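Report on the structure
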Amino acid sequence: MTRNRKITLAAVAIALYLIGVPWLCAGRNYYLGVVTTASGLAVICAGVWLIFYIGRINIGQGAFALIGGYAAAIAVTKWGLSFWIAMPFAGLASMLVGMLIGLPLLRLKGVYFSMITLSLTETARLAAQSLKAVTNGPNGILNIPLPGELSIFGVTVIPDFATLNKHRALFYLGAVLLVVTYAVIHRVVNSRLGWLFRSLQQNEDLASSFGVNVPMLRVIAFAICTFFAGVGGAFFVVMQQSIYPATFAVQDSTYFLLYCFIGGLGFVFGPLVGTFILYMGFEVLQGFKEYQPLLYALLMIGVMLWLPNGLLSIRLPKFLPPKTPSRPASGGDI
Amino acid sequence: MAIMEVVKLTKRFGGLAAVNNVSFDVHEGEILSVIGPNGAGKSTLFKLISSFLPATSGKVVFRGEDITSQKPHVVARKGVIRTFQETTIFRDMTVLDNVVVAHHLHSKASLIGFFLGTRVARDDEAGFRRSAEEIIDFLGIGQMRDEAAKNLPHGHLRALGMAMGMAAAPKILLLDEPFAGMNAEETESALGMVRGIRGRGITVLLVEHDMPAVMKVSDRIVVLNFGEMIAEGAPSEIQENEAVIEAYLGREDEELGI
Ligand SMILES: Nc1ncnc2c1ncn2[C@@H]1O[C@H](COP(=O)(O)OP(=O)(O)OP(=O)(O)O)[C@@H](O)[C@H]1O
Ligand SMILES: [Mg+2]
C-alpha cells in the first residue's frame, strides 16, 4: 500500500469509529461504555506489546496502570489539579517508577525479568492497601470529579464534562487517547527506533556488536510502555470516578498479554484488535462471564496452535499480499 | 604502527585459564590471523578484545586508549567490531535490512530525531541504504537483498556476516571463523572478500581453522595453545615453527598445509 492510501484508510477508519460508534450505541450507554473501556485497555495494552517487540515479556502492566491511576486520583482530589494536567502527570509518574524499576530489572535475562514483573501487580496492590495516608487504603479514593473545562488563553478547547453527555464525552476522550497512542507506536515502529527495537528482539548481542546501546534502548521502550499504562490508568480513574487497590489486578496484567497474542505480536495494531475483540466479545456474551478465565486459557492455546502470528496474520487471498511478520525470538542471553 | 596492543591479557574461567598472559601488537592495515587447536582460547580472546567478556587481568589498548573495561557498544563505537563464530544475523530481517541496521554506529540523528523523522534522520536512512546496497553487491549477495536472512544458504550467511561487519566501517574487524563450512570454491571467493575489506583500509583480525586459507591471506599469524601464545610471525615462519608443529602434532599435514 502506498503512503497516501494508508493515510486515507486510517482517516476513514478513525472517522467511522468516531461517528459510527456513538451512532450505533445511541441510547445504549452501557454498550458505549464497553467500547470506551476497550479503548482505555487498548492504550495500556500498547505498552505491553512494545515490550514484546523488544523481545521481553512484561507481566506487570497492571501495576503501572494502578500507579498512574492513583497519581491522577491524588493529583485531582488532594492537590486540586485539573484532570488535563493530572493525566500527563500520571503518565510521567508511572514512567518514572517504570524507569527506576526498569534500570536494574531490565538487565536481567528475559525469564527473570518476566518473573519479577509477574509479582509487580500484586506488590502494587498491597502497597496501595497499606499506604493509607496517601491512597486511603482499601477504601480507595472515591468521588473523583469528571474532567473540567480546558481553556487556553481564555478559549475553551474542551468544555467541562459535567455540561456534556458524560458517556459520549468519555468515549471521545478514550478515542483520542487511542488514536494518539497507536499513532505514536506506529511511528516508533516504522522509524529507525523500530529497527533498533527489532534488532534487540532478534539478538541483543549482535545489536551491541554494532554499537547499539542495548540497555538504554530497553529502558526507553519500558519508559514508553509505562507511560501508556499511567495515562490509561488515569483514564480509568476518571471514567469510573474512583480507584481501589484492586482496580487493576494480576488477572488484568495477564489479559494484556493475551490481547497482544490474539491480535498478533508482529503487528502494531495487534494489541488494539486483540483488546477490542476479546474484551467486547466477553461483554456481549455476558452469560459466559464466570467461565472467562477458562475460555481465555483455551483461546490462548488455540491461537498458539493454529494462529501463531495472531488474528491480523489472516489475509484475504489476492486482496492484500501476505506479509511475514517479525515475531519476537526468545530474548538473547549472555 | 600498532593500532592495537594486547598486553598480558588473561581470562580465567574458574581454574581454567582460557587466555593466559597473551601479548601482541596489531599493525594498522594488516591481516593478522589467530590460530590454534580447538579450545585454545581464540574466541575468548576476541570476546576480550571486543569487551563482550571482562578480562581477569591485562589490557587492550586501541589507538593509545585503554578499552579493556568499556561496554561492548562503546568499544564498537570506537571502531572495533566483532563478528560471531556461530553465524549470527537478524534472522527475520531481509538481507538488505540486516546490513542497514549494522550502519547504526554512523547515525547522526538522535533517537528523538528518528521518531520525528527529521531531515538528518532521513538522510541517514537513505545513505545507509545506498551504502548497504553497495556492500552486498561488493560481497556478491546483492541478488538476495530482499530474502529473509534465515533463508540464505550457509556460504551466503557468512558473507552477510562480513557485510554487516563492513557496514559498521570499523577500524578493526574481528572475524571468527568466516570460512567455516565452506567448500574450496566458496573459501576462495571469501578470501577475496577479506582482502577487499583490508583494501578499504580496515585492519582485519582473523580466527580460522582452514590452514591453507590462513597461510594465503595473512600478513602475520599469532598461535595460541591452551590459552598461551606459543608463536608469532609471518606465515612462512609459523609453518616451520617447532612449537607450532608440536601443538598440531599428528594433524600437521592437513591442518598446517605443509
Ligand atoms: N563462558 C565460559 N565459561 C567457562 N569456560 C569457557 C567459557 N567460554 C570458553 N570456555 C573455555 O575456554 C576454553 C577456550 O575456549 P574458546 O571458545 O576461546 O576456544 P577456541 O579457541 O575459540 O576454540 P574453537 O576453535 O573450538 O572455536 C575452552 O576450554 C572453553 O571450554
Ligand atoms: Mg572459537
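No experiment lies behind these values; they were computed from the predicted model shown. Starting afresh in each chain, residues are numbered from 1 along the sequence in its written order. Going through the entries in the order they are written, you letter the chains from A and number the ligands from 1. Only residues with pLDDT of 70 or above have their local features reported here, since the model is predicted, and side-chain atom pairs are shown and tallied only from 80 upward, although totals for entire chains, interfaces and linings are computed over all residues. Only hydrogens and water are set aside; all other atoms, that is, all heavy atoms of the structure, feed into the side-chain values.

**What about the overall build of chain A?**
Strands here are runs of E lasting at least two residues and helices are runs of H or I lasting at least four, both read from the DSSP assignment and numbered beginning at the N terminus. In terms of regular secondary structure, chain A is built from 13 helices and 2 strands. C-alpha atoms define the radius of gyration in this analysis, and the globule rule sets the expected value at 2.2 Å times the number of residues to the power 0.38. What you see for chain A is a C-alpha radius of gyration of 20 Å, in line with the 20 Å of a compact globule of 334 residues. For chain A, the spread of C-alpha atoms along the three principal axes comes to 55 × 50 × 50 Å. Whether a residue is buried, partly exposed or exposed follows from its accessible area with a 1.4 Å probe, protein chains only, as a fraction of its type maximum: under 20%, in between, or over 50%, in that order. Looking at chain A as a whole, 51% of its 334 residues qualify as buried. Contact criterion: two residues are considered in contact whenever any of their non-hydrogen atoms come within 4.5 Å of each other. Intrachain contacts of chain A at a sequence separation of at least 6 include 76% that bridge at least 24 residues. Of the accessible surface of chain A, which amounts to about 15,300 Å², a share of 70% is contributed by carbon and sulfur atoms. Computed over 21 positive and 9 negative side-chain charges, the separation of the two mean positions in chain A equals 11 Å. Shrake-Rupley sampling with a 1.4 Å probe provides the accessible areas, and residues are treated as covered by the protein chains on show and by no other component. Think of it this way: Lys and Arg go in the positive column, Asp and Glu in the negative one, and His and the chain ends go nowhere. The location of each charge is read from NZ of Lys, CZ of Arg, CG of Asp or CD of Glu.

**A look at helix H7 (residues 184–199) of chain B**
Residues and elements named next belong to chain B. The end-to-end C-alpha distance of H7 is 22 Å, a good match for the 22 Å that 16 residues give at a rise of 1.5 Å each. When H7 is considered as a whole, its buried residues turn out to be Thr187, Ala190, Leu191, Met193, Val194, Gly196 and Ile197. Next to the buried residues of H7 lie strand E3 (31–35), helix H5 (119–138), helix H6 (154–167), strand E7 (172–176), strand E8 (203–207) and helix H8 (211–217). Looking one or two residues beyond H7, the residue adopting positive phi is Gly201, at roughly 85°. For a helix, the expected span equals 1.5 Å multiplied by the residue count minus one.

**Structural notes on unusual backbone geometry**
Most peptide bonds take the trans form, and the phi angle of most residues other than glycine is negative. Residue and element names in this part refer to chain A. Positive phi is not limited to glycine here, since Asn136 has a value of about 65°. In this fold, Asn136 is placed in the loop between helix H6 (132–135) and strand E1 (150–152). You can call Asn136 partly exposed: its relative accessible area is 39%.

**Some words on the side chain of B:Asn225**
Here B:Asn225 is to be found in strand E9 (residues 220–225). Excluding anything up to four places from it in sequence, B:Asn225 contacts B:Pro37, B:Ala40, B:Ile230 and B:Ala247.

**Notes on the sheet that holds strand E4 (residues 57–62) of chain B**
All names here are of chain B. Pairing in this open sheet of 4 strands is antiparallel, and the strands run E2-E1-E4-E5 from one edge to the other. Unpaired on one side and paired on the other, strand E2 (16–27) and strand E5 (65–66) mark the two borders of the sheet. DSSP calls a pair of strands paired once it identifies at least 2 bridges connecting them. For strand E1 (residues 2–13) and E2, the ladder comprises 8 bridges, and the chain directions are antiparallel. Its bridge partner lying in E2, Val6 is registered against Phe24.

**Focus on the site of ligand 1**
All names here are of chain B. Contacts to ligand 1 come from 13 residues, most closely from Gly39, Lys42, Ser43, Thr44 and His209. Contact distances for ligand 1 include 2.9 Å between an oxygen atom and a side-chain N or O atom of Asn38. Contacts to ligand 1 include Ala40, whose backbone N or O atom sits 3.2 Å from an oxygen atom. The protein chains hide 62% of the 640 Å² of surface that ligand 1 would expose on its own. In these notes, residues near a molecule or strand are those with any non-hydrogen atom within 4 Å of it. Any pair of nitrogen or oxygen atoms within 3.5 Å is treated as a polar contact; in protein, a donor-acceptor pairing is required on top of that, and neighbouring residues in sequence qualify only through side-chain atoms on both sides.

**Some details on the domain arrangement of chain B**
All names here are of chain B. Once the domains are mapped, chain B shows domain 1 (1–79 + 170–258) and domain 2 (86–169). Domain start and stop points were drawn from an automatic or database domain assignment. Here the C-alpha centroids of domain 1 and domain 2 sit 26 Å apart. In this complex, domain 1 contributes 19 residues to the contact, which on the side of domain 2 involves 15 residues. Buried area between domain 1 and domain 2, summed over both chains or domains, comes out near 1,400 Å², and the portion from carbon and sulfur atoms is 67%. Values labelled buried area give the accessible surface lost by two parts on being combined, using a 1.4 Å probe and summing over both. Contact with domain 2 buries surface across domain 1, with Pro170, Met193 and Arg200 losing the most and accounting together for 39% of the total. For this analysis, a salt bridge means a side-chain nitrogen from Lys or Arg found within 4 Å of a carboxyl oxygen belonging to Asp or Glu. At the boundary of domain 1 and domain 2, one finds 1 salt bridge. When the shortest N-O distance is used, the salt bridge between Glu134 and Arg200 registers 2.7 Å. On the surface where domain 1 and domain 2 come into contact, there are 2 residue pairs in polar contact (both at pLDDT 80 or more). Elements with a contribution of two residues or more to the side of domain 1 that touches domain 2: helix H2 (72–78), E7 and H7.

**Brief notes about the packing of helix H2 (residues 29–53) of chain A against helix H10 (residues 214–240) of chain A**
Residue and element names in this part refer to chain A. With axes taken as lines fitted to C-alpha atoms, and helix axes fitted only over the stretch in contact, angles between N-to-C directions fall between 0 and 180 degrees. The geometry of H2 relative to H10 is characterised by a closest axis approach of 7 Å and an angle of 165° between their N-to-C directions. The orientation of H2 relative to H10 falls into the category roughly antiparallel. H2 and H10 meet at a crossing whose hand is left-handed. Contacts from Gly33, Thr36, Thr37, Gly40, Leu41, Val43, Ile44, Ala46, Gly47, Val48, Leu50 and Ile51 in H2 reach Ala221, Phe222, Ile224, Cys225, Phe228, Ala229, Gly232, Gly233, Phe235, Phe236 and Met239 in H10. For the contact of H2 with H10, the per-class residue count stands at 16 nonpolar, 7 polar and no charged. Here roughly perpendicular refers to angles of 65 to 115 degrees, roughly parallel to angles under 35, roughly antiparallel to angles over 145, and oblique to all remaining angles. Take the far helix as your reference; a near helix turned counterclockwise from it by less than a right angle gives a left-handed crossing, and one turned clockwise gives a right-handed crossing. In this classification, Asp, Glu, Lys and Arg are treated as charged, Ala, Val, Leu, Ile, Met, Phe, Trp, Tyr, Cys and Pro as nonpolar, and every other residue, Gly included, as polar.

**Notes on the pairing of strand E10 (residues 228–233) of chain B**
All names here are of chain B. Of the strand pairs in this sheet, E9 and E10 are connected by 5 bridges, and their pairing is antiparallel. In the sheet register, Leu224 faces E10, and the bridge partner there is Met229. Once E9 ends, the chain turns through 2 residues before running back antiparallel as E10, passing Phe226 with a positive phi of about 50°.

**A look at the nonpolar core**
Residues enter a nonpolar core if they are buried and are Ala, Val, Leu, Ile, Met, Phe, Trp, Tyr or Cys, with the set joined through side-chain atoms within 4.5 Å. Judged by nonpolar contacts, the single largest core of 153 residues is most densely connected at A:Phe197, A:Tyr259, B:Leu160 and B:Met164. Counting only domains with at least three residues in this core, you end up with domain 1 (1–79 + 170–258) and domain 2 (86–169) of chain B. Not counting residues up to four positions away in its chain, the partners in contact with A:Phe197 are A:Leu50, A:Tyr53, A:Ile54, A:Val188, A:Leu217, A:Ile220 and A:Ala221. B:Phe24, B:Ile67, B:Val80 and B:Leu174 belong to the second largest nonpolar core, which has 27 residues in total.

**Some details on the packing of helix H7 (residues 166–190) of chain A against H10(A)**
All names here are of chain A. In contact at an axis separation of 11 Å, H7 and H10 are set at 175° when each is read in the N-to-C sense. Considering their axes alone, H7 and H10 lie roughly antiparallel with respect to each other. Seen from H7, the contacting residues are Leu170, Leu173, Gly174, Leu177, Thr181, Val184 and Ile185; seen from H10, they are Phe228, Val231, Phe235, Val238 and Met239. Within the contact of H7 with H10, the residues separate by chemical class into 10 nonpolar, 2 polar and no charged.

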